[in-house]
Amino acid sequence: MPNETEDAGIQGDPLMDRLAAGLGASEDHSPIYMRLALALAEAIDAGQLAHGRSLPSERLLAERLDISRVSVRRAIAELEREGRVSRRHGARTVVQTRVRKSLPNLTGFSADIRARGMEPSFSWLFRGTVVGTMQETMALGLPAQSEIVRLVRVRRADGIPIALERAVIPTSILPDAMLVTRSLYETLASLNASPHHGFQRIRAEVMSAAEAELLQALPATPMLVADRRCFLEDGRAVEYTETRYNGKVYDFIADLHL
């Protein structure tokens, strides 16, 4: 039987205060479970919910936040889908342990490739305004069913396809997808909306048949998948980008300093 007192003692009131504040945001009209999932994700990213530790139980969260256990369960299911937590049979929900490494330079794909001495290019797969998915609106801190700009393209280096990139931006920041003709970051700079800070997570996957066809590779080829969220100086999310790199032709490199 889970020990609720231990839950409360381990996590502490500051966590519940943070979650309650996230649920009570007056400008956010998204479903309660989405707001809870976003608040929990932010607590994980901020280190308030440490990797490898248990989340408070569904019952405790429901009681302390005055919401239904169904909403709590749906929020945790969303976090599990994103790989942030894991639920094991007969065990509690645990924050997924991940190795994290700082990549200090906030640059776009084009600048990254040029820095490696290659010439970037791309071809559009999609460019337009759409109703965002749950994952996209959550990543941008927007209400469910919000319209966003979505940019999907094959990225190349010296003509060789090396990555599939899907970027989403709030329409309040980028009102028209057609404004982006080359570099997203150059376009954001022209709108006085350059990212001020952000974080990036890198994980390993393998290519699907469709991805392999676009990247001229074999199915099940290793991939490096980078999820990036960037913010303006005032804290508003400006970009969420998922870039899926061919792991056989692309490496992440970072300088190490003592």
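See above for the structure.
Residues numbered from 1 in each chain as written. Predicted model: local features only at pLDDT ≥ 70, side-chain atom pairs only at ≥ 80, totals over all residues. Heavy atoms only, no water.

### Concerning the overall build of the protein
(1) Moving on: The helix and strand inventory of the protein stands at nine helices and eight strands.
(2) Moving on: When the 258 residues of the protein are sorted by exposure, 45% land in the buried category.
(3) Moving on: Accessible area of the protein: about 13400 Å², with a carbon and sulfur share of 52%. (Helix = DSSP H or I, 4+ residues; strand = E, 2+ residues; numbered from the N terminus. Buried < 20%, exposed > 50% of the residue type's maximum accessible area, 1.4 Å probe, protein only. Areas by Shrake-Rupley, 256 points an atom, 1.4 Å probe, with all protein chains shown as cover.)

### Concerning the packing of helix α2 (residues 13-23) against helix α4 (residues 58-65)
(1) Moving on: It is the contact of α2 with α4, at a shortest axis distance of 10 Å, that shows an interaxial angle of 65°. Regarding α2 and α4, the two cross each other, and that crossing is right-handed. Judged by residue contacts, Asp13, Met16, Leu19, Ala20 and Leu23 of α2 engage Leu60, Leu61, Arg64 and Leu65 from α4.
(2) Moving on: Per-class residue counts for the contact of α2 with α4 are seven nonpolar, no polar and two charged. (Axes fitted to C-alpha atoms, helices over the stretch in contact; angles between N-to-C directions. Left-handed = near helix turned anticlockwise from the far one by under 90°. Contact = heavy atoms within 4.5 Å. Nonpolar A, V, L, I, M, F, W, Y, C, P; charged D, E, K, R; others polar.)

### Focus on the packing of aromatic side chains
(1) Moving on: Inspection of the entire model under this criterion finds one aromatic pair.
(2) Moving on: With a centroid separation of 5.1 Å and 75° between ring planes, the pair formed by Phe122 and Trp124 is classed as edge-to-face.
(3) Moving on: With relative accessibility at 25%, the residue Trp124 sits in the partly exposed group.
(4) Moving on: Here Arg74 stacks its cationic end above the ring of Tyr33, 4.0 Å away from the centre of that ring.
(5) Moving on: Sitting over the ring of Phe122, Arg153 keeps its end group 4.6 Å from the ring centre. (Phe/Tyr/Trp six-rings, centres within 6.5 Å; stacked < 30°, edge-to-face > 60°. Lys NZ or Arg CZ within 6 Å of the ring centre and 35° of its normal.)

### Side note on the pairing of strand β4 (residues 147-157)
(1) Moving on: Among the 11 residues in β4, nine count as buried, and that is most of the element.
(2) Moving on: Bridge analysis of strand β3 (residues 120-131) against β4 gives 11 bridges, and the strand direction is antiparallel. Its bridge partner being in β4, Val130 is matched across the sheet by Ile148.
(3) Moving on: Bridge count between β4 and strand β5 (residues 160-170): 10 bridges; the pairing is antiparallel. Residue pairing across strands places Arg153 opposite Glu165, the latter belonging to β5. (Pairing = 2+ DSSP bridges.)

### Observations regarding the sheet that holds strand β6 (residues 197-206)
(1) Moving on: One open sheet holds the six strands; their spatial order is β3-β4-β5-β8-β7-β6, and the pairing between them is antiparallel. Two strands in the sheet have a free side with no partner beyond their single neighbour: β3 and β6. Taken over all neighbouring pairs, the strand axes of this sheet differ in orientation by 15° on average, direction set aside.
(2) Moving on: Pairing geometry for β6 and strand β7 (residues 222-231), over 10 bridges, is antiparallel. Each bridged residue has a counterpart across the sheet, and for Gln200 the counterpart in β7 is Arg228.

### Quick word on unusual backbone geometry
(1) Moving on: Positioned with a positive phi, Asp158 is a non-glycine residue whose angle comes to about 50°.
(2) Moving on: Mapped onto the secondary structure, Asp158 falls in the loop between β4 and β5.
(3) Moving on: Located in the positive-phi region is Ala220, a residue other than glycine, with phi close to 75°.
(4) Moving on: With respect to the secondary-structure elements, Ala220 resides in the loop between α9 (209-214) and β7.

### Description of the environment of Met34
(1) Moving on: Relative to the helices and strands, Met34 is located in helix α3 (residues 32-45).
(2) Moving on: Classification of Met34 by relative accessible area gives buried; the value is 4%.
(3) Moving on: Setting aside its immediate chain neighbours within four residues, Met34 contacts Met134, Thr137, Met138 and Ala144.

### Points about the packing of α4 against helix α5 (residues 69-81)
(1) Moving on: Where α4 meets α5, the axes come as close as 9 Å, and the angle between the chain directions of the two elements is 120°. Taken together, the axes of α4 and α5 lie oblique to each other. When the axes of α4 and α5 are compared, the crossing they make is right-handed. Here α4 contributes Glu58, Arg59, Leu61 and Ala62 to the contact with α5, which in turn contributes Arg69, Val72, Arg73 and Ile76. (Parallel < 35°, antiparallel > 145°, perpendicular 65-115°, else oblique.)

### A short note on α2
(1) Moving on: Taken together, the buried positions of α2 are Leu15, Met16, Leu19 and Leu23. Projection of α2 onto a plane perpendicular to its axis shows the buried side chains occupying an angular sector of 95°, all on one side. Of the exposed residues in α2, those oriented more than 90 degrees away from the buried face are Pro14, Asp17 and Ala21. (Arc of directions from axis to C-beta.)

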